[in-house]
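Remarks on the overall topology
Spelled out, the chains give:
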Amino acid sequence: MHMADALLSPVVGGAMWAGSLGTIIYCAKQLKEQMDEKLIPLMGVLGAFIFAGQMINFTIPMTGSSGHIGGGMLLAILLGPYPAFLVIASVLIVQALFFADGGLLALGANIWNLGIYPAFIGYPLIYRAIVKQNASNKVITIASVLSVVIGLQLGALSVVLETKLSGITELPFSTFLLMMQPIHLAIGLIEGFATAGIVVYVRSLRPDIVDNLEGVKSASSGGSLKKLLIIMAILAVITGGAFSWFASTHPDGLEWSIEKIYGKPEVPEKQNPVTENLAKLQEKTAILPGYSLPVKGAENTESGPSPWPAVDPGTSLSGIVGSFMVLAVIILFGIGIKFMRRQKAKM
Amino acid sequence: MKFETEFFNIGYLDTLSYKDTFVHRLDPRIKITVSFIFILFVVSFPKYELSALIPFFLYPVFLLAAGNIPFRAIFKKVLFVSPFAVFIGIFNPLLDTRVLLTPFGIPVSGGWVSFLSILVKFVLTVSTALLLIAVTSFPGICEALERMKLPKVFVLQLLFLYRYLFVLLDVGLRMSRARDARSFGKKGKEIKTFIKLISVLLVRSVERAERIYQAMLSRGFRGEIRVLKHHTLGLFDILFAVTAVAFFFLIKKVHIVNFVGETVSRYIR
């Protein structure tokens with residue numbers, strides 16, 4: 001359920017980045033205070049372990065297809081919230097760069113969706129609340145399954161909200177929700193039982209790994225968690241504002257919703273020369289400062305009786321012709337550079 | 001098998017990143033920042049925008065060509081990776097059926113236009129992310145992150161993760177292969193076996209981390225790793241950044257595609 005750049009608007013992507021980045025810095029600060037140098041290689045190696053663990057797959061019961069673990073909650077149980085969040089973020093960075101899972105802008109959202117919930121909700125509020133010292137294997141299993149399921153449900157819900165707020169998909173909110181939540185319930189159950197099995201088995205092999213690591217000692221207290229949430233919220237709001245200058249030149253999901261609230265009537269217009277558009281853009285910004293309305297036809301309302309803009313077929317034709325021309329020039333440019341390089345290498 | 005190929009792909013991208021070309025030599029901070037700005041520009045286009053996105057292909061094509069990166073390596077990855085955007089986008093043509101364009105008299109619905117727009121944005125952003133790592137070594141990226149004031153602890157363990165990624169992937173691959181050699185068909189892949197295998201892998205990893213730490217201590221580790229290669233911001237770096245961002249601004253403000261298309265169509269007529 002990795003988010004992708006192509007589904008995000010800059011405002012949503014930027015806000016998620018700010019929240020995730022703020023949390024990374026906060027976690028690193030917390031770690032510095034109670035720093036155990038031993039933790040650094042352990043964190044790195046466990047991050048690499050997640051990749052290695054994904055090499056080993058298993059048959060998903062009843063379906064016959066194969067799956068592998070995500071491992072977010074496992075990291076939280078082994079390392080505790082702050083180090084676990086940093087490791088999850090690192091794993092996602094490597095995935096975004098090498099596997100192109102999602103992309104660079106979506107990375108902030110992905111770190112949030114897959115990191116915040118296991119590290120700061122699933123682990124401290126659910127797992128730790130159920131598992132006390134000397135807990136039985138059954139209790140550990142229940143706690144693991146519950147925390148993984150809830151973490152993944154929140155993650156899936158965030159994906160839906162982020163996509164919807166970005167306004168790129170046509171999927172209605174409820175349909176989207178109905179698509180995402182049940183799938184992630186199934187995934188969560190499997191991942192939960194796998195996580196529980198690993199925790200229980202590792203406990204029988206090396207009890208100290210599960211019971212005595214940093215995580216048990218430094219379960220985050222409610223106070224600092226509240227502080228963290230406040231910091232994250234403020235950061236998200238600030239960047240949301242800062243990034244909206246990007247939105248101000250072109251409409252996106254946020255504007256679409258604002259437009260809906262204000263109920264601005266649609267004005268069908270022809271797409272044409274730049275100057276005309278710019279002039280119209282200025283008119284619009286004066287009415288609704290900071291938010292320019294659709295320049296290219298009134299495309300942003302999904303419902304409502306507004307007439308669909310009549311697009312001049314000539315313009316759309318020239319759009320297609322122009323696209324291919326520009327693309328051809330770019331490709332020629334690339335081939336040219338490569339050619340020149342080869343010539344140079346020959347000399 | 002999928003993961004085996006993915007694994008070799010990491011290694012392949014890693015080797016690519018140690019080439020020595022103009023873009024490889026650029027300061028990693030510049031490359032990260034410019035690529036990020038590029039992605040912001042791309043995603044800031046409205047959902048029915050298609051032709052205006054085309055000029056943006058210049059940036060990934062430039063990285064590919066100037067960085068001497070084989071086209072197929074990136075193309076194959078983009079093609080097979082991350083189905084999420086496509087999966088969500090494919091609903092647009094089904095749900096948004098109002099006719100938006102009629103090129104050559106063929107009605108094209110808004111849903112198809114926005115779906116194509118998602119695909120174009122997807123190819124642009126994903127190829128840029130892949131090319132960024134293909135022209136920048138991972139340690140270089142870590143160095144940049146640290147100099148962009150990300151916490152030291154975070155960067156340190158990220159470096160560790162990368163260093164041991166290849167070692168542990170090898171271990172995981174060997175375990176998986178050993179299991180496959182001992183099992184027939186679906187047998188041996190049950191979740192029970194999986195749990196035991198992965199637990200052993202986990203314990204081994206933790207023990208490795210303990211050994212690594214001891215080894216580091218005996219070599220005088222004091223919570224810091226020193227890197228030899230330090231990039232400095234040069235004239236070329238700044239020139240590259242300014243040109244690139246100015247270019248993004250230009251093609252965002254001026255609709256080059258329409259201009260070219262209109263001129264050409266007029267010429268034909």
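This brings us to the overall build of chain A. Per the secondary structure count, chain A includes 13 helices and two strands. Put simply, chain A has 347 residues, and 52% of those count as buried. Of the contacts made within chain A by residues no fewer than 6 positions apart, 78% connect residues no fewer than 24 positions apart.

Further remarks concern the overall build of chain B. Tallying secondary structure elements over chain B gives 13 helices and two strands in all. In summary, chain B has a C-alpha radius of gyration of 24 Å against a globular reference of 18 Å for 269 residues, an excess of more than 25%. Taking the principal axes of its C-alpha atoms as reference, chain B extends roughly 75 × 55 × 30 Å. Counting the 269 residues in chain B, one finds 45% classified as buried. Across chain B, every contact between residues at least 6 apart in sequence was considered, and the portion connecting residues at least 24 apart equals 75%.

Many structure descriptions define interface size as the accessible area lost when the parts assemble. On the chain B side, the residues contacting the 95 residues of chain A number 101 residues. The dominant element in the side of chain A that touches chain B, judged by the number of residues it contributes, is helix 13 (residues 313-346) of chain A, at 19 residues. Residues that form the side of chain A that touches chain B fall into these classes: 60 nonpolar, 23 polar and 12 charged.

Right, let's get into the confidence of the model for chain A. Residue and element names in this part refer to chain A. Taken residue by residue, chain A gives an average pLDDT of 73. The fraction at 70 or more is 67%. Considering only residues more than four positions removed or in separate chains, one finds that residues 213-223, a stretch of pLDDT under 50, has 20 contacts. pLDDT under 50 marks residues 244-313. Its contacts with residues more than four places away, or in other chains, come to 90 contacts.

A few words now on the confidence of the model for chain B. In this model, chain B carries an average pLDDT of 84, and 91% of its residues clear a pLDDT of 70 or more. Complex prediction metrics read pTM 0.79 and ipTM 0.88.

For the rest of this paragraph, the subject is helix 6 (residues 137-166) of chain A. Taking 1.5 Å per residue, 30 residues should reach 44 Å; helix 6 of chain A reaches 43 Å between its end C-alpha atoms and fits that length. Of the residues one or two after helix 6 of chain A, Gly-167 of chain A is the one with positive phi, at around 70°.

With that settled, consider the domain arrangement of chain B. What the domain assignment reports for chain B is domain 1 (2-136 + 232-262) and domain 2 (150-218). Put simply, the middle of domain 1 of chain B and the middle of domain 2 of chain B, counted by C-alpha atoms, are 34 Å apart.

Relative to the 27 Å expected for 19 residues at 1.5 Å per residue, helix 4 (residues 81-99) of chain A spans 26 Å between its end C-alpha atoms, a close match to the ideal helical length. Of the residues flanking the end of helix 4 of chain A, it is Ala-100 of chain A, one or two places downstream, whose phi is positive at about 55°.

All right, on to the environment of Phe-194 of chain B then. Along the chain, the position of Phe-194 of chain B falls in helix 11 (residues 191-218). Once the C-alpha coordinates of Phe-194 of chain B and Leu-150 of chain B are considered, the two residues, 44 residues apart in sequence, prove to be 37 Å apart.

A few words now on unusual backbone geometry. Residue and element names in this part refer to chain B. Although it is not a glycine, Asn-68 adopts a positive phi angle of roughly 55°. In this fold, Asn-68 is placed in the loop between helix 4 (58-66) and helix 5 (71-80). Judged by C-beta crowding, with 20 C-beta atoms within 10 Å, Asn-68 ranks as buried.

Before going further, it helps to examine the packing of helix 6 of chain A against helix 7 (residues 173-205) of chain A. All names here are of chain A. Contact geometry of helix 6 with helix 7 gives a least axis separation of 7 Å together with a crossing angle of 150°. Judged by the angle between their axes, helix 6 and helix 7 are roughly antiparallel. Seen along the crossing, helix 6 lies across helix 7 with a hand that is right-handed. Split into classes, the residues belonging to the contact of helix 6 with helix 7 amount to 19 nonpolar, nine polar and two charged.

What follows concerns the packing of helix 2 (residues 39-55) of chain A against helix 4 of chain A. All names here are of chain A. The contact between helix 2 and helix 4 brings their axes to 9 Å, and the two run at 45°. Of the possible angle classes, the one that applies to helix 2 and helix 4 is oblique. The interaxial crossing formed by helix 2 with helix 4 has right-handed handedness. For the pair formed by helix 2 and helix 4, the contact residues are Leu-39, Met-43, Leu-46, Gly-47 and Ile-50 on the first element and Pro-83, Leu-86, Val-87, Ser-90 and Val-91 on the second.

For Leu-217 of chain B, the location among the structural elements is in helix 11. Along the sequence, Leu-217 of chain B and Phe-154 of chain B sit 63 residues apart, while their C-alpha atoms lie 19 Å from each other.

Reading guide: rules and limits
- Residues numbered from 1 in each chain as written.
- Chains lettered and ligands numbered in written order.
- Predicted model: local features only at pLDDT ≥ 70, side-chain atom pairs only at ≥ 80, totals over all residues.
- Helix = DSSP H or I, 4+ residues; strand = E, 2+ residues; numbered from the N terminus.
- Buried ≥ 20, exposed ≤ 12 C-beta atoms within 10 Å, placed from the backbone.
- Contact = placed C-beta atoms within 7 Å.
- Rg over C-alpha atoms; globule rule 2.2 N^0.38 Å.
- Nonpolar A, V, L, I, M, F, W, Y, C, P; charged D, E, K, R; others polar.
- pLDDT = per-residue confidence, 0-100.
- Expected span 1.5 Å × (residues − 1).
- Domains from an automatic or database assignment.
- Axes fitted to C-alpha atoms, helices over the stretch in contact; angles between N-to-C directions.
- Parallel < 35°, antiparallel > 145°, perpendicular 65-115°, else oblique.
- Left-handed = near helix turned anticlockwise from the far one by under 90°.

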